[in-house]
Amino acid sequence: MKIVLAPDSFKGSLTAKEVCDAMEEGIRRVIPAADIVKIPMADGGEGTVQSLVDTTGGQILTEVVTGPIGQKVTAKYGILGDGQTAVIEMAEASGLYLVPADKRNPLLTSTYGTGELIRAALDRGCRKFILGIGGSATNDGGAGMAQALGVRFIDSNNQELPFGGGSLDKLERLDLSAVDSRLAECSFTVACDVDNPLTGPQGASHIFGPQKGATPEMIRLLDANLSHYAAVVEKQLNRSIQNLPGAGAAGGLGFAMVAFLNAVLKRGIDIVIEATDLPRQVMGADLVLSGEGQCDGQTVRGKTPFGVAKTAQTAGVPVILIAGSIGQGVEELYSHGVCSVFSIVDRPMSLQEAMERAVELIANTVERVMRTRFLA
Ligand SMILES: O=C(O)[C@H](O)CO
């Protein structure tokens, strides 16, 4: 019997690889000789670097870069097993979690560190990039990232702009003469966590500014500044991309990735499915097990188990989900290739206990699943 294990991580508790290992244990208790294929998954957000590195036999590296408020941070990134594809989560360098609540100010925060991570991977020979973007502390339209790669943002006095979305109204022109020439050899695929445009009522500043510390006044300013920046880009680079779905992800980093790096913006889960070769891996399988910390109505909005289930459905393979907990709307999954969803919690217990005992609880649940007549 061939069984493919393709779960997401259980956030705050286990990596996707650890979930795979726990699932394997549960299966082997019932079918010791099962042919098990383990594919740790992610949806482009937190855990993407780890799962792609684990799946491809790559390596995790660290780099000291400039954090969102100018502090030094040690950020992780990955190089996949092919030795030439870098996988970067922007939040490692420019994430909201790096800024204490009382220091959050999206007028000043910068994505410069994300650009430094790209540069570090270029130095190691990478020419293909997968970037997971979202969870940012920034609203600078990705200007900092572009600055780290050599784009100069010039004001009317011929001076370079300081960091942060609060200064973009001063942008007079872009100077591309010092852009890192290695970028011409590169391709960039970007996993966006949202499909918002750069500006307007659904744009980066209005929707995600408040969580980064923006007041209503700052939101108006930031939105106007991003519009001005987009107009300069349009005039100089002849690209009208501010309404592109995903341009507003990570405070407009999606916009800059397209404008300066010719990136393709995609749904995170689709990128991971492609990078892990999931469609080929599920062919001929008897069962796919996936899962995540919480399965609910949100899962069908492009989260990992949904993408896995759609892929398996195309190949005609049944899918069972193993979840930390099950929330409202989970039944929506049943029309997308999911046969059933099992919670790992086997008696009333605290979240902390469920997280601490996750390995044992997942193994026990998978064992029970394997003992059902469905598989007999
Ligand atoms: O970083 C952000 O702004 C949000 O996660 C949306 O991308």
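What you are looking at is a predicted structure, and each value in this text was computed from that prediction instead of being measured.

What counts and how
- Residues numbered from 1 in each chain as written.
- Predicted model: local features only at pLDDT ≥ 70, side-chain atom pairs only at ≥ 80, totals over all residues.
- Heavy atoms only, no water.
- Core = buried A, V, L, I, M, F, W, Y, C linked by side-chain atoms within 4.5 Å.
- Buried < 20%, exposed > 50% of the residue type's maximum accessible area, 1.4 Å probe, protein only.
- Helix = DSSP H or I, 4+ residues; strand = E, 2+ residues; numbered from the N terminus.
- Contact = heavy atoms within 4.5 Å.
- Salt bridge = Lys/Arg side-chain N within 4 Å of Asp/Glu carboxyl O.
- Disulfide = S-S within 2.5 Å.
- Domains from an automatic or database assignment.
- Buried area = accessible area lost by both parts, 1.4 Å probe.
- Polar contact = N/O pair within 3.5 Å; in protein donor to acceptor, adjacent residues only side chain to side chain.
- Nonpolar A, V, L, I, M, F, W, Y, C, P; charged D, E, K, R; others polar.
- Phe/Tyr/Trp six-rings, centres within 6.5 Å; stacked < 30°, edge-to-face > 60°.
- Pairing = 2+ DSSP bridges.
- Axes fitted to C-alpha atoms, helices over the stretch in contact; angles between N-to-C directions.

**Student:** How should I be thinking about the nonpolar core in this particular structure?
**Tutor:** Among soluble globular proteins, nonpolar side chains are generally buried collectively. Among the nonpolar cores identified, the biggest contains 55 residues, and I118, F129, F153, F188, Y229 and F260 are the most heavily contacted of them. A total of eight residues in this core trace back to one element, the largest contributor, which is helix α8 (residues 253-261). What I118 contacts, discounting residues up to four positions off in sequence, is I88, F129, L131, M145, L149, F188 and L261. Membership of the second largest hydrophobic core comes to 34 residues, among which are I39, V282, C295 and V330.

**Student:** I keep staring at the pattern of salt bridges and nothing clicks. Help me out?
**Tutor:** Where side chains of opposite charge bring their charged atoms close, a pairing between them can arise. On inspection of all chains with the given rule, the structure shows 22 salt bridges. With a closest N to O distance of 2.7 Å, E25 and R29 form a salt bridge. You can see E25 and its partner R29 sitting in helix α1 (residues 16-30), four residues apart, about one turn around the helix. Of the charged contacts in the structure, one is a salt bridge between R267 and D270, with a shortest N-O distance of 3.4 Å. For D270, a relative accessible area of 32% puts it in the partly exposed group.

**Student:** Hey, could you run me through the state of the cysteines in this one?
**Tutor:** What is meant by a disulfide is a covalent connection between two cysteines, made through their sulfur atoms. Tallied over the entire structure, the rule returns zero disulfides. C20 takes part in no disulfide bond, and the closest cysteine sulfur, belonging to C295, lies 15 Å away. Take C20: its relative accessible area is 1%, and that puts it in the buried class. No disulfide involves C339; its sulfur sits 14 Å from that of C295, the nearest cysteine.

**Student:** Could you clarify how one ought to interpret the domain arrangement of the protein in this entry?
**Tutor:** Interface size is commonly expressed as the accessible area that is lost once the parts come together. Under the domain assignment, the protein is made up of domain 1 (2-40 + 282-375) and domain 2 (48-268). Taking only C-alpha atoms into account, the centre of domain 1 sits 33 Å from that of domain 2. Contacts between the two partners involve seven residues from domain 1 and, on the opposite side, five residues from domain 2. Summed over both sides, the interface of domain 1 with domain 2 buries roughly 400 Å², with 66% coming from carbon and sulfur. Seen at the junction of domain 1 and domain 2, the total is zero salt bridges. Across the domain 1-domain 2 interface, the total number found is one residue pair in polar contact (both at pLDDT 80 or more). Its residues assigned to classes, the side of domain 1 that touches domain 2 shows four nonpolar, two polar and one charged.

**Student:** How should the packing of aromatic side chains be read in this particular structure?
**Tutor:** When we look at a pair of aromatic rings, we describe it by the centre distance and by the angle of the planes. Tallied over the full model, the rule gives five aromatic pairs. Both rings, one in F153 and one in Y229, keep their centres 5.9 Å apart while their planes meet at 45°; by these two values the pair is tilted. You can see F153 sitting in strand β7 (residues 152-154) and its partner Y229 sitting in helix α7 (residues 216-237), a full 76 residues away along the chain. Of the aromatic side chains, those joined through ring pairs into one cluster are F153, Y229, F255 and F260.

**Student:** Where do I start with helix α11 (residues 304-314) in this structure?
**Tutor:** Residue pairs spaced three or four apart in an α-helix point in one direction, given the helix's 3.6 residues per turn. In terms of burial, α11 is a largely internal element, eight of the eleven residues being buried. Tucked inside the fold, the buried residues of α11 contact β10 (264-267), α9 (268-275), α10 (278-282), β11 (287-295), β12 (319-326) and β13 (338-343). Looking one or two places after α11, you find G316, whose phi comes out positive at around 75°.

**Student:** Help me out: how do you make sense of the side chain of T66 in this one?
**Tutor:** Residue placement: T66 occurs in strand β3 (residues 59-66). Taking the relative accessible area as the measure of exposure, T66 reaches 9% and is therefore buried. Those residues in contact with T66, other than ones at most four positions away along the chain, are Q71, K72, A93, Y112, G113, E116 and F163.

**Student:** I tried to follow the sheet that holds strand β2 (residues 35-38) on my own but got confused; where do I start?
**Tutor:** In sheet architecture, strand pairing relies on hydrogen bonds along the backbone and comes in two forms, parallel and antiparallel. The parallel open sheet is built from five strands, whose spatial order is β2-β1-β11-β12-β13. Edge strands, defined here as strands with exactly one partner in the open sheet, are β2 and β13. On average, adjacent strands in this sheet sit at an angle of 25° to one another, irrespective of strand direction. Two elements, strand β1 (residues 2-5) and β11, share three bridges in a ladder whose sense is parallel.

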